[in-house]
There are 2 protein chains.
Amino acid sequence: MQQAGKRHIVILGGGFAGFYAALRFEKALKRRSDIEVTIVDKENFFLFTPMLPEVAAGDLSPQAIVYPLRKVLRRVNFFKAAIDSVDLKDQIVYLRYGESEEHRTQLHYDHLVLAIGSITNFFKIEGLKEKALTIKSLGDGIYLRDHLIATMEAADIENYSLERKKRLTFVVAGGGFAGVETIAAVNDFVRESIPYYSHLKNDLVRMVLVHAGEAILPEFDRELGDYAQRKLEERQVEVLTKTHVTSFTDGFVQLSKGAPIECNTLIWAAGVVPGLALENLNLTKERGHVVVDQFMRSPDRANVWAAGDCAFIPNAGTGKPYPPTAQHALREGDILASNILAEIDGRALTPFRYSAIGQMAVIGRRTGVAMIKGIKISGFIGWLLWRTVYLAKLPGLDRKCRVGFQWLLDLFFPPDLSQYTSRRSPSTDLPSPTRPERFGGTTPFQEDETAPLRDAAIHN
Amino acid sequence: MQQAGKRHIVILGGGFAGFYAALRFEKALKRRSDIEVTIVDKENFFLFTPMLPEVAAGDLSPQAIVYPLRKVLRRVNFFKAAIDSVDLKDQIVYLRYGESEEHRTQLHYDHLVLAIGSITNFFKIEGLKEKALTIKSLGDGIYLRDHLIATMEAADIENYSLERKKRLTFVVAGGGFAGVETIAAVNDFVRESIPYYSHLKNDLVRMVLVHAGEAILPEFDRELGDYAQRKLEERQVEVLTKTHVTSFTDGFVQLSKGAPIECNTLIWAAGVVPGLALENLNLTKERGHVVVDQFMRSPDRANVWAAGDCAFIPNAGTGKPYPPTAQHALREGDILASNILAEIDGRALTPFRYSAIGQMAVIGRRTGVAMIKGIKISGFIGWLLWRTVYLAKLPGLDRKCRVGFQWLLDLFFPPDLSQYTSRRSPSTDLPSPTRPERFGGTTPFQEDETAPLRDAAIHN
């Protein structure tokens, strides 16, 4: 489907870096026809990750924080596909597509953009891969919310008090942004929901944040990290610093120090690693990340570029790489796309230089921490700032409307306790999936032998 | 957890009949303490089924049409559990609960309300159980929407034109309410989405409604059924009447007459049957439905009652049973609960008598058909009437707000094409489920060996 005589640019990944690179090309395609651009992702939407914890806590519907790539990319092609492999020599990307990714196709490129982001790293810790929950994808957010509700429902029926206590113990590993925002959201959601469960009480709930470093939110000034920890503790979250998880087996989280924690729920937010598609690529890497120069071009291949969480981009000022945050990734994607256009046109490339204005985190209902241009902001103002800035950054007017409206409803109505997972109605005897608890507890169904009452009217 | 000295009333099923019975008891519990009431359902929400096709077509978010049972039932107990069996002699209901329904518990009852509704009946037609989609549960609605988008995504990449045509052919079996509203919603959604897929065109899409009877919408006057058929045909839906599906294998829907249809998608809306929990119950039944008298009490057991789709309630006027519709079920539930209270108090029972005011169906964007007190209404006014009446009937102010707001957005923004299913991020090597295509196409993941770049900062 690619047209001859055009330069083909293929972007792998539709996260912040890939999406913003595509947006830059979309603009360029309004006035030039010498290039063709294709973006590839396994999901057909851009996920606004900063709001993922709010989906996990049921404050926002999944629909509100995703933006369909096809809606805004009318000139840039989109392929919903998984990456099989990349042939750097022949400049071909091999893809799998279809409902179960069983079909194969390929794309030739003149320029390749690697923006595949990162995935969770379990560090081979025993039991994590099998039992820990994660908070990276939209599916993770939906699944976590359902899991929390299912857990409370089961605890409410449970007569055996030790079992009930185990179900109401929640551990989050990782005291960075993701972990702190997740435990804050989970804590609020569970504690605000408990009054609806007649056999449960708030003092049966235990919430633990496990963090390896000295203070949580290491991305911030120590003072703000300490403030965040104090706030979490006020909200009945136990914060264990200088501690790490050593295993999660037989319903116990084992720690590097202190008593093991008996629980059903461990959410792992303590490490990421670049996506698997880079593994076999013969490019210079730094701990799995593709090393590029200040123009985001690989030193090994002049037509391969990388940005976002999977890239190692040197900061000329500090000598260190730029951090893996959304606000960096989107700017990297934009500059990267400009550089490819400049390269095609024979113009000079622009080095990537960015100094973050600030950082923000939500640490529970109506409380935030932020550091903007060195100024520390915390409490209600920090929370309001978070919501204002992120609502402004959320792409798409309809999404802004949805999120704004749901935040408004949220002020007036209690949390939503409906547990909905994507599953068929129990009408058939489909075999249950190998891990049914992952997908909402489908049970094997019995064949139905009875005939309908009014089949004359309702049989097709 | 049941208290001595109280009459225990157990309601099985939280659909229209069970939910409205529970609401009646909730009111009664404000002023009396001699009864205890428990409602049991596998889902912890009441599903507003009339709007399910709108979820399948992405017009409404799943959250908007479900109402958490715990929110409104503060005096009535709720158990999220599956029914294992019922012991009529000892008056005990055996339940399974927990995330994968692996735990067991039981409830003793003095009065039992059977309101378990109906499930899809495949009539043992070859291939349906394995391959057909259904539209009964919330999971069905979410799954169907995701399937439609996945199908369009795959068709857009597909180079082989026969395969593409097969992917863009959609068959709905069943010309009653559910089937007609579903094909209307699916047709609108697919055709409005096609312009966003650069390799697809509207004339590649084929939509077929297969119906066994002479005219669709047999619940209505023939004239309105014919009008609905004409409208669907104007919108490029083929309507095959006096035809039924004989099998769905190897990608072909075989029909009782005419050419087989090559397609990936068959939605089965052509028959229901009472839920499986009734199968082994030793009560008088009529084609699987529990026969009750005009007071909704079983002739076999004075403390067993039934209402809704699983019950056979005689209409004293016509001699036929009342039809299995939402507007009947909710009234049946209400009267049934009143009758149990009257029975406990030694008052006279009230026979169930109801004559439906009218019926309504949506047959696509801005078009509806309705028959209200014998008056036929169709077109835009019919559609407006449908939305007004159902918005008024939807329980819960927050739901009304959500649905009203989403309908409003819907007037201004194009359809949402994001495919989101509940699944984990691809960070682990969990085995894929046995039928991955049912749950969103998870693929087996490879183990990740690379270490992270900044593990000092992000490791817990």
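Residues numbered from 1 in each chain as written. Chains lettered and ligands numbered in written order. Predicted model: local features only at pLDDT ≥ 70, side-chain atom pairs only at ≥ 80, totals over all residues. Heavy atoms only, no water.

Engineer: What's the story with a nonpolar patch on the surface in this structure? I'm lost.
Structural biologist: Residues and elements named next belong to chain A. Where nonpolar side chains cluster on the molecular surface, the patch consists of Phe380, Ile381 and Leu384 and spans about 290 Å² of accessible area. Within the secondary structure layout, Ile381 lies in helix 10 (residues 380-393). By relative accessible area, which is 54% here, Ile381 ends up exposed. (Patch = residues over 30% accessible without salt bridge, like charges linked within 9 Å, V, L, I, M, F, W, Y side chains within 5 Å. Areas by Shrake-Rupley, 256 points an atom, 1.4 Å probe, with all protein chains shown as cover. Salt bridge = Lys/Arg side-chain N within 4 Å of Asp/Glu carboxyl O. Helix = DSSP H or I, 4+ residues; strand = E, 2+ residues; numbered from the N terminus. Buried < 20%, exposed > 50% of the residue type's maximum accessible area, 1.4 Å probe, protein only.)

Engineer: Sorry if this is basic, but what is going on with the packing of aromatic side chains here?
Structural biologist: To describe a pair of aromatic rings, one takes the distance between the centres and the angle between the planes. All told, the structure shown has 26 aromatic pairs over all chains when counted by the stated rule. Note on B:Phe19 and B:Tyr20: the rings are 5.5 Å apart at their centroids and 85 degrees apart in plane angle, and the pair reads as edge-to-face. Of the residues examined, B:Phe19 reaches a relative accessible area of 1% and is grouped as buried. Here the aromatic cluster, defined as three or more aromatic residues joined through ring pairs, consists of A:Phe16, A:Phe19, A:Tyr20, A:Phe46, A:Phe48, A:Tyr67, A:Trp386, A:Tyr390 and A:Trp407. Taking the ring centre of B:Tyr196 as reference, the NZ or CZ of A:Lys71 above it sits at 5.9 Å. (Phe/Tyr/Trp six-rings, centres within 6.5 Å; stacked < 30°, edge-to-face > 60°. Lys NZ or Arg CZ within 6 Å of the ring centre and 35° of its normal.)

Engineer: Can you help me understand the environment of A:Arg365 in this one?
Structural biologist: All names here are of chain A. Residue placement: Arg365 occurs in the loop between strand 24 (358-362) and strand 25 (368-372). The spatial distance from the C-alpha of Arg365 to the C-alpha of Ala184 is 7.9 Å, given a sequence separation of 181 residues. Residue contacts for Arg365: discarding those within four places in its chain leaves Asp59, Asp188, Glu192, Arg235 and Asp410. Separated by 3.4 Å, the side chains of Arg365 and Asp59 make a polar contact. (Contact = heavy atoms within 4.5 Å. Polar contact = N/O pair within 3.5 Å; in protein donor to acceptor, adjacent residues only side chain to side chain.)

Engineer: Hey, could you run me through the domain arrangement of chain A in this one?
Structural biologist: The parts lose accessible area when they come together, and the size of an interface is often stated as this lost area. Domains assigned within chain A are domain 1 (7-42 + 81-120 + 273-345) and domain 2 (128-270). Relative placement of domain 1 of chain A and domain 2 of chain A: their C-alpha centres are 35 Å apart. (Domains from an automatic or database assignment.)

Engineer: Can you help me understand the sheet that holds strand 8 (residues 103-108) of chain B in this one?
Structural biologist: In any sheet, the strands associate via hydrogen bonds between backbone groups, in a parallel or an antiparallel arrangement. Residue and element names in this part refer to chain B. With respect to topology, 3 strands assemble into an open sheet ordered 6-7-8, the strand pairing being antiparallel. Edge positions in the sheet fall to strand 6 (82-87) and strand 8, since each of these pairs with one other strand and no more. Between one strand axis and the next, the sheet turns by 25 degrees as a mean value, whatever way the strands run. Across 5 bridges, strand 6 lies against strand 7 (residues 92-97) in antiparallel orientation. From the neighbouring strand, Ala82 faces strand 7, where its bridge partner is Arg96. (Pairing = 2+ DSSP bridges. Axes fitted to C-alpha atoms, helices over the stretch in contact; angles between N-to-C directions.)

Engineer: Mind showing me how you'd approach unusual backbone geometry here?
Structural biologist: A negative phi angle characterises most non-glycine residues, just as the trans form characterises most peptide bonds. For A:Gln236, which is not glycine, the phi dihedral falls at a positive 70 degrees. Here A:Gln236 is to be found in the loop between helix 8 (222-234) and strand 14 (237-240). Residues other than glycine seldom take positive phi values, yet B:Phe123 does so here, at roughly 50 degrees. Within the secondary structure, B:Phe123 is located in the loop between strand 10 (118-120) and helix 4 (128-131).

Engineer: How should the environment of A:Tyr97 be read in this particular structure?
Structural biologist: Structurally, the position occupied by A:Tyr97 is in strand 7 (residues 92-97). With near-sequence residues (within four places) excluded, A:Tyr97 lies in contact with A:Lys80, A:Ala81, A:Glu102, A:His103, A:Arg104, A:Thr105, B:Ala154, B:Ile157 and B:Glu158. Engagement of the side chain of A:Tyr97 in a polar contact is seen with the side chain of B:Glu158, the distance being 2.9 Å.

Engineer: Honestly, the packing of helix 5 (residues 138-157) of chain B against helix 7 (residues 177-193) of chain B in this entry has me stumped. Any pointers?
Structural biologist: Between two packed helices, the angle of one axis relative to the other and the distance separating the axes together describe the packing. All names here are of chain B. Orientation of helix 5 relative to helix 7, taken along the N-to-C sense of each, is 35 degrees, at an axis distance of 11 Å. In the crossing of helix 5 with helix 7, the sense of the turn from one axis to the other is right-handed. Within the contact between the two elements, helix 5 uses Leu144, Leu148, Ile149 and Met152 and helix 7 uses Thr182, Val186, Phe189, Val190 and Ser193. For the contact of helix 5 with helix 7, the class distribution of residues is 7 nonpolar, 2 polar and no charged. (Left-handed = near helix turned anticlockwise from the far one by under 90°. Nonpolar A, V, L, I, M, F, W, Y, C, P; charged D, E, K, R; others polar.)

Engineer: Can you walk me through the sheet that holds strand 8 (residues 103-108) of chain A in this structure?
Structural biologist: All names here are of chain A. Spatial strand order, 6-7-8: 3 strands in an open sheet with antiparallel pairing. Each end of this open sheet is capped by a strand with a single partner; those strands are strand 6 (82-87) and strand 8. In this sheet, adjacent strand axes meet at a mean angle of 25 degrees when their direction is disregarded.

Engineer: Explain helix 5 (residues 138-157) of chain A here, please?
Structural biologist: In a regular helix each residue adds 1.5 Å, so 20 residues correspond to 28 Å; helix 5 of chain A covers 29 Å between its end C-alpha atoms and thus fits that length. With 20 of 20 residues buried, helix 5 of chain A lies mostly within the body of the structure. (Expected span 1.5 Å × (residues − 1).)

Engineer: I'm lost on the pairing of strand 9 (residues 111-114) of chain B in this one. Help?
Structural biologist: Looking down a regular strand, the side chains alternate between one sheet face and the other. Residue and element names in this part refer to chain B. Both faces of strand 9 are covered, namely the face carrying His111 and Val113 and the face carrying Leu112 and Leu114. Pairing between strand 1 (residues 7-12) and strand 9: 4 bridges, direction parallel. From the neighbouring strand, Val10 faces strand 9, where its bridge partner is Leu112. The sheet contact formed by strand 9 and strand 22 (residues 304-306) spans 3 bridges and is parallel. Along strand 22, the bridge assignment pairs Leu112 with Val304.

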